[in-house]
Amino acid sequence: MALKKVKGNFFERMFDKNLTDLVRGIRNNKDNEAKYISTCIEEIKQELRQDNISVKCNAVAKLTYIQMLGYDISWAGFNIIEVMSSSRFTCKRIGYLAASQCFHPDSELLMLTTNMIRKDLNSQNQYDAGVALSGLSCFISPDLSRDLANDIMTLMSSTKPYLRMKAVLMMYKVFLRYPEALRPAFPKLKEKLEDPDPGVQSAAVNVICELARKNPKNYLPLAPIFFKLMTTSTNNWMLIKIIKLFGALTPLEPRLGKKLIEPLTNLIHSTSAMSLLYECINTVIAVLISISSGMPNHSASIQLCVQKLRILIEDSDQNLKYLGLLAMSKILKTHPKSVQAHKDLILACLDDKDESIRLRALDLLYGMVSKKNLMEIVKRLLGHMERAEGSAYRDELLYKVIEICAQSSYLYVTNFEWYLTVLVELIQLEAGSRHGRLIAEQLLDVAIRVPVVRQFAVNEMTNLLDTFTVSAQSNSMYEVLYAAAWIVGEFAGELEDAEKTLNILLRPRLLPGHIQGVYVQNVIKLFARLATTCLELQDLPGLVTLCDHVLDKLQHFNGSSDIEVQERANSACMLIEMLRNQLSTSTDAMAMDTTTEGGIPPLAIEIVQEMTLLFTGELIPVAPKAQRKVPLPDGLDLDEWINAPPPEDAASSSSSEHDKDELFVSAAQAGSAADGGGKRRQSLELTPEQLERQRMARLIEQSNNPHYLKSTPTASGASNADQYDNIDDIPITELPLDMEGVAALRVGITKRSDKYLQEQQAAQGGKDGKKKHKKGKKSKKAKNKVAYNSSSESEGEPKPLHIVNTTLDMPEGVSMSDSEDKDGKYDPNDPHRALDIELDITDFEAPAVRSSSKKSAAGKENLKTPAESAGSGSTAKKDRKKDKDKDKDKDKERKAKREHRESKRERKEAAVQPAIDLIDADTLAMASVIGGIIIDMGAEVATKAHKKKHKKEKSQRKEKKASESASASVSAIVSIGEYEQPLGISTPSKEIL
Amino acid sequence: MIKAILVFNNHGKPRLSKFYQYFDESLQQQIIKETFQLVSKRDDNVCNFLEGGSLIGGSDYKLIYRHYATLYFVFCVDSSESELGILDLIQVFVETLDKCFENVCELDLIFHADAVHHILSELVMGGMVLQTNMNDIMARIEEQNKIVKQEAGISAAPARAVSAVKSMNIPQQIKDIKLPDLPQAIKDFKF
């Protein structure tokens with residue numbers, strides 16, 4: 001019977017498809033590959049059902065091939081495990097290969113494999129174990145890591161170098177999944193650094209490099225061993241790894257860097273391997289960055305590096321060129337001067353045919369620009385953009401143009417009219433589909449911070465609004481209209497022909513809602529400005545037609561499907577209608593009594609004046625970080641009712657009645673409100689009782705006065721006193737214009753107040769006439785309609801042409817250069833966070849990191865190696881319990897810290913608002929006038945820092961920014977430390993897994 | 001760390017895919033496709049490094065590739081690997097293949113994908129470079145092949161015979177049998 005079965009299988013098997021047949025079959029069925037493969041899979045399923053292991057093995061081999069073609073084979077997981085467990089090496093190898101291709105750490109089937117893999121690891125045949133290790137390295141799970149860590153550690157001291165090597169590499173994977181293994185395994189790993197077999201040595205270096213890359217400080221004590229290896233080894237592959245590791249270690253220990261310079265320079269001179277040379281240069285650069293001063297042969301090393309890199313860049317091998325540029329960009333950060341010497345070379349690379357190289361050269365360009373050559377470089381980049389194929393590269397170019405121009409607050413931009421022209425040209429190129437928002441930000445920034453250029457800006461923007469056509473859907477360039485509309489509205493006073501601009505804005509167009517919203521808002525601004533002109537001219541009919549015209553056109557926006565646009569348009573219409581009503585009564589009156597002079601009713605005048613007041617006042621840019629530094633004041637709960645919800649009928653209806661009666665505040669009221677505002681800013685951090693009291697007071701007040709902008713002058717507790725001081729210190733004042741001290745903040749002082757590149761080149765002596773001419777055309781194009789003042793041109797005399805207003809609302813103790821990336825880079829899923837474990841590394845001369853008490857902690861781990869238990873000795877037992885408790889406490893502490901941190905982050909997020917939401921600020925101001933609408937308490941609590949008290953409405957407009965800055969200044973002192981959490985916080989591993 | 005090793009031909013057909021980080025099959029295919037598109041449009045005389053590739057990408061990762069005749073060998077690595085070192089490694093890999101298959105060509109990779117995997121596993125393990133010395137690699141591979149041969153032994157003889165029969169390619173041979181050119185003969189026949 002049994003014989004028959006075997007025989008039957010034997011003959012069946014002979015004509016089974018093997019892998020070669022499968023591949024051949026697929027190739028012969030090119031047209032219906034999917035169908036062919038599905039029949040094959042059916043066959044394979046049949047084969048897997050048989051008992052013969054060879055048949056299964058054949059089937060699994062075929063599955064592995066099919067997997068490569070994109071078919072899911074996880075359904076055969078169990079069969080794969082069967083094949084893996086075969087005693088024959090051939091089958092085992094096929095099984096492990098299939099497993100490595102399709103298993104992953106989350107596969108539930110892996111539970112079944114633990115014992116089988118353990119058996120293989122301990123197999124007599126080193127290749128059984130080798131194949132198991134190779135496979136395991138691809139799919140090891142936390143459970144497997146925990147269960148097999150001991151077996152793999154035993155293999156690390158196998159007699160066979162092949163297995164030692166594989167086991168050492170395997171340990172890294174184990175550490176990643178099961179960080180607890182690191183401490184007990186580390187002594188052995190360190191041992192392997194001095195293994196007689198170079199392969200094992202190299203593997204150990206490899207693993208430690210990977211570990212140290214993420215948590216370098218724990219591996220600093222190993223530096224002497226590595227140093228020895230570096231000076232003795234000839235294995236280039238290992239040398240590269242070691243040198244890379246040193247690159248990661250030097251920033252932590254400057255003394256190491258000093259020691260390294262010499263052997264590294266020797267290597268640079270002696271080695272013939274380019275890869276080694278390159279890594280040496282890289283590490284020398286890292287060393288030089290870490291020890292920025294105090295080295296006698298400092299500049300010599302830099303010189304050597306730059307020289308060698310120049311050779312690389314000049315090489316015909318594109319790979320070397322690429323790497324040379326890559327390394328140059330590292331030098332650029334600390335030693336810009338030495339790189340600038342090779343400007344010619346780098347600029348030449350901009351024209352390279354290879355995109356990778358061009359991108360690297362672009363990175364370097366950042367450091368290559370100066371006031372003198374900025375215009376020319378930008379011109380070249382624009383030329384590239386016109387030619388470039390592929391939107392990704394064009395986007396990158398656009399981004400770089402803006403980056404080099406905007407760097408350190410436009411340090412190198414001498415002429416902002418030129419810069420605006422460049423921005424407009426970028427828009428017209430329609431290249432950077434992704435960066436519409438970026439350009440919009442630039443336009444806003446320049447218009448706000450460079451007052452001189454505003455006139456030019458508004459006219460350019462009018463043109464842009466007029467001519468820009470919204471094209472492709474994928475293009476985000478329409479975002480610039482947002483900026484353009486805001487600029488023409490905000491700086492309407494600079495417009496030559498405000499009426500024309502108004503008409504452009506009112507033109508019905510298909511635009512996204514948020515942009516239409518800005519349109520409406522700025523229509524009001526323009527309207528206010530035109531109405532004021534009419535008032536000045538006593539032009540009643542003009543005012544009436546203006547009102548009618550705008551009202552008529554706004555109907556289009558009224559019907560918008562976007563709720564925001566609708567609301568804004570409606571409010572605007574209401575406001576203008578009100579004015580219109582006043583005017584019409586007066587025209588009636590005028591018809592009866594023509595003798596009245598002027599004829600504009602006083603109430604109408606008042607309305608227009610109020611409207612203008614809405615939009616007067618300077619906007620100061622706010623640093624984006626100012627907001628982020630703001631924690632919520634204690635006791636402010638954003639989920640809580642800010643105002644106790646008023647009884648539906650009583651409070652709300654009565655206040656709205658009031659609104660109808662007297663919409664506008666008289667001058668006296670306005671003054672008092674402004675006073676109130678001034679006091680209100682003191683109410684930053686209130687205790688709940690104070691909040692309550694305020695709330696009550698406000699409710700009472702509300703019923704008496706719809707413009708309840710003033711608040712009771714209570715709320716000044718002694719505990720808050722020092723914080724008020726800080727608030728008063730908010731640095732809103734102009735910074736002293738000291739070029740050296742605040743070079744980074746001060747911008748735009750030019751030697752010659754030249755216009756564009758043409759003038760610049762003319763001033764330089766105009767050695768290249770052709771170029772000059774070409775450039776001239778460009779600048780003419782740029783200023784076509786704008787006649788601007790060239791009287792400021794005076795040769796020789798250094799004179800600022802355009803000054804950037806760099807006053808930022810910034811909290812104290814915060815500098816622009818503060819990096820806040822740390823929080824951003826925080827990745828809770830990074831397994832390396834759990835590997836930040838302080839290790840016992842005893843043979844380090846310097847007493848830096850050693851802590852002997854830690855040693856015994858290893859006893860707690862459930863992995864015990866012979867070497868270790870011998871090492872820790874009897875004291876370990878005694879300490880064990882103590883350590884356990886200690887560790888428990890530590891865990892608790894960590895957890896608490898984490899929770900604390902998390903809740904912090906949440907709160908922070910809640911507090912974050914858009915940095916400069918100008919438009920909203922406008923709306924806020926308007927709303928308060930139209931409806932006396934209640935401004936929410938959030939703003940109220942934090943209101944403060946009025947600059948000009950005589951303008952009541954302005955105070956609201958500034959509210960947001962002021963609140964940011966004020967609370968920021970408090971927080972900067974209180975909580976800066978909490979943002980500086982180190983990256984590699986050690987957390988209990990379970991939370992990561 | 002090496003994140004993935006891909007080999008595909010000039011038309012983007014995968015010949016070997018090894019991911020050291022888990023992606024499901026459809027994502028793997030997408031990655032191969034995208035990588036092919038990135039790599040194939042580059043000239044042969046440009047540099048062998050490529051940033052980006054959104055799927056495996058991330059700023060820390062680079063594609064390092066070499067183009068041999070009809071095949072692209074692409075390694076996706078992070079910043080801990082030396083760029084030139086990986087280029088050398090690809091060279092070692094290809095030279096090893098050349099030795100194992102004796103003048104390797106695309107067909108060898110097609111029909112012996114498993115063998116290529118076994119060779120690769122002697123160079124790279126779990127995304128880390130295991131061995132770069134070609135003699136050592138060859139020794140390991142030969143020893144393993146010896147075991148396989150031993151295990152196969154006599155029991156594999158029938159299977160080998162079968163596969164020999166299969167690869168005789170009978171239909172082709174039948175086709176190749178020369179028959180008298182009948183139609184022509186008929187045509188020439190005169191009534």
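Residues numbered from 1 in each chain as written. Chains lettered and ligands numbered in written order. Predicted model: local features only at pLDDT ≥ 70, side-chain atom pairs only at ≥ 80, totals over all residues. Heavy atoms only, no water.

- Going by an unreviewed UniProt entry, chain B carries the name Adaptor protein complex AP-3 small chain sigma3 and comes from Drosophila melanogaster.
- Turning to chain B, the UniProt record has this under Sequence similarities (unreviewed entry): "Belongs to the adaptor complexes small subunit family." (UniProt positions renumbered as here; feature names shortened; annotations may be inferred.)

- Naming follows an unreviewed UniProt entry, where chain A appears as AP-3 complex subunit delta of Drosophila yakuba.
- Recorded in UniProt under Subunit (unreviewed entry), the annotation for chain A is "Adaptor protein complex 3 (AP-3) is a heterotetramer."
- Taken directly from UniProt, the Sequence similarities (unreviewed entry) text for chain A runs: "Belongs to the adaptor complexes large subunit family."

1. Concerning the overall build of chain B
- When its secondary structure is counted, chain B shows eight helices and seven strands.
- For chain B, buried positions account for 49% of its 191 residues. (Helix = DSSP H or I, 4+ residues; strand = E, 2+ residues; numbered from the N terminus. Buried < 20%, exposed > 50% of the residue type's maximum accessible area, 1.4 Å probe, protein only.)

2. Thoughts on the interface of chain B and chain A
- The interface of chain B with chain A comprises 63 residues on the first partner and 69 residues on the second.
- Taking both partners together, chain B and chain A bury about 5,900 Å²; carbon and sulfur atoms supply 57% of that area.
- Our count for the contact surface shared by chain B and chain A stands at five salt bridges.
- With a closest N to O distance of 2.9 Å, R213 of chain A and D78 of chain B form a salt bridge.
- In this structure, the connection of chain B to chain A is made through 27 residue pairs in polar contact (both at pLDDT 80 or more).
- Here the side of chain B that touches chain A is built from residues that sort into 25 nonpolar, 20 polar and 18 charged. (Contact = heavy atoms within 4.5 Å. Buried area = accessible area lost by both parts, 1.4 Å probe. Salt bridge = Lys/Arg side-chain N within 4 Å of Asp/Glu carboxyl O. Polar contact = N/O pair within 3.5 Å; in protein donor to acceptor, adjacent residues only side chain to side chain. Nonpolar A, V, L, I, M, F, W, Y, C, P; charged D, E, K, R; others polar.)

3. Let's talk about the environment of M328 of chain A
Residues and elements named next belong to chain A.
- Considering the arrangement of structural elements, one finds M328 in helix 18 (residues 318-334).
- Residue class for M328 comes out buried when judged on its relative accessible area of 0%.
- Separated by eleven residues in sequence, M328 and V339 place their C-alpha atoms 7.0 Å apart.
- Contact partners of M328, with chain neighbours within four places excluded, come to V306, L309, R310, I313, V339, H342 and L364.

4. Here we look at the sheet that holds strand 3 (residues 49-51) of chain B
Residue and element names in this part refer to chain B.
- Strand order in this open sheet of five strands is 2-1-5-4-3, and the pairing throughout is antiparallel. Two strands lie at the open edges of the sheet, namely strand 2 (14-19) and strand 3, each paired on one side alone. Mean inter-strand twist for the sheet, computed between neighbouring axes without regard to direction, equals 20°.
- Looking at chain direction, strand 3 and strand 4 (residues 62-68) are connected through three bridges and run antiparallel. When the bridges of strand 4 are listed, L50 appears paired with L63.
- Helix-sheet contacts for helix 4 (residues 113-123) involve strand 1 (2-9) and strand 2, and the interaxial angle to strand 2 is about 40°. (Pairing = 2+ DSSP bridges. Axes fitted to C-alpha atoms, helices over the stretch in contact; angles between N-to-C directions.)

5. Thoughts on the packing of aromatic side chains
- All chains considered together, the criterion is met by 15 aromatic pairs over all chains.
- Centre to centre, the rings of Y322 of chain A and F49 of chain B are 5.1 Å apart; their planes meet at 40°, and the pair counts as tilted. Residue Y322 of chain A is located in helix 18, and its partner F49 of chain B is located in strand 3; the two belong to separate chains. Note on accessibility: Y322 of chain A and F49 of chain B belong to one class, buried.
- Note on W418 of chain A and Y419 of chain A: the rings are 6.3 Å apart at their centroids and 35° apart in plane angle, and the pair reads as tilted. Like W418 of chain A, the residue Y419 of chain A is buried in the burial classification.
- In textbook terms, an aromatic cluster arises when at least three aromatic residues are bridged by ring pairs, as seen for Y410, F416, W418 and Y419 of chain A.
- Note that K45 of chain A overlies the ring of W75 of chain A, its terminal NZ or CZ placed 4.9 Å from the centroid. (Phe/Tyr/Trp six-rings, centres within 6.5 Å; stacked < 30°, edge-to-face > 60°. Lys NZ or Arg CZ within 6 Å of the ring centre and 35° of its normal.)

6. Looking at helix 30 (residues 540-558) of chain A
- With 19 residues, helix 30 of chain A should reach 27 Å at 1.5 Å per residue; the first-to-last C-alpha distance of 26 Å fits that figure.
- Along helix 30 of chain A, the positions that sit buried rather than exposed are L540, G542, L543, V544, L546, C547, V550, L551, L554, F557 and N558 of chain A. (Expected span 1.5 Å × (residues − 1).)

7. What to know about the side chain of S80 of chain B
- Structurally, S80 of chain B is set in the loop between strand 5 (71-77) and helix 2 (83-101).
- Classification of S80 of chain B by relative accessible area gives buried; the value is 7%.
- Side chain to side chain, S80 of chain B and E210 of chain A meet in a polar contact 2.8 Å long.
- Those residues within four positions of S80 of chain B in sequence are excluded, and the remaining contacts are E210, R213, K241 and K244 of chain A together with M1 of chain B.

8. Describing the pattern of salt bridges
- According to the stated counting rule, one finds 33 salt bridges over all chains in the structure shown.
- Here E253 of chain A makes a salt bridge to R255 of chain A, at a shortest N to O gap of 2.9 Å.
- Three or more residues are tied together by salt bridges with common partners; here these are E210 and R213 of chain A together with D60 and D78 of chain B.

9. A few points about empty space enclosed by the protein
- Volume-wise, the largest cavity comes out at about 200 Å³.
- Taken together, 21 residues line the largest cavity, and the ones lying closest to its centre are L97, S134 and G135 of chain A together with H117 and S121 of chain B.
- Of all the secondary structure elements, the ones that give two or more residues to the lining of the largest cavity are helix 6 (89-102) and helix 8 (126-139) of chain A together with helix 4 and strand 6 (124-125) of chain B.
- A per-class count over the lining of the largest cavity returns eight nonpolar, nine polar and four charged. (1 Å grid on protein atoms, 1.4 Å probe; cavity = no way out; pocket = protein on both sides within 12 Å on 5 of 7 lines; lining within 4 Å. Points joined across faces, edges and corners; volume = space filled by probe spheres on them.)

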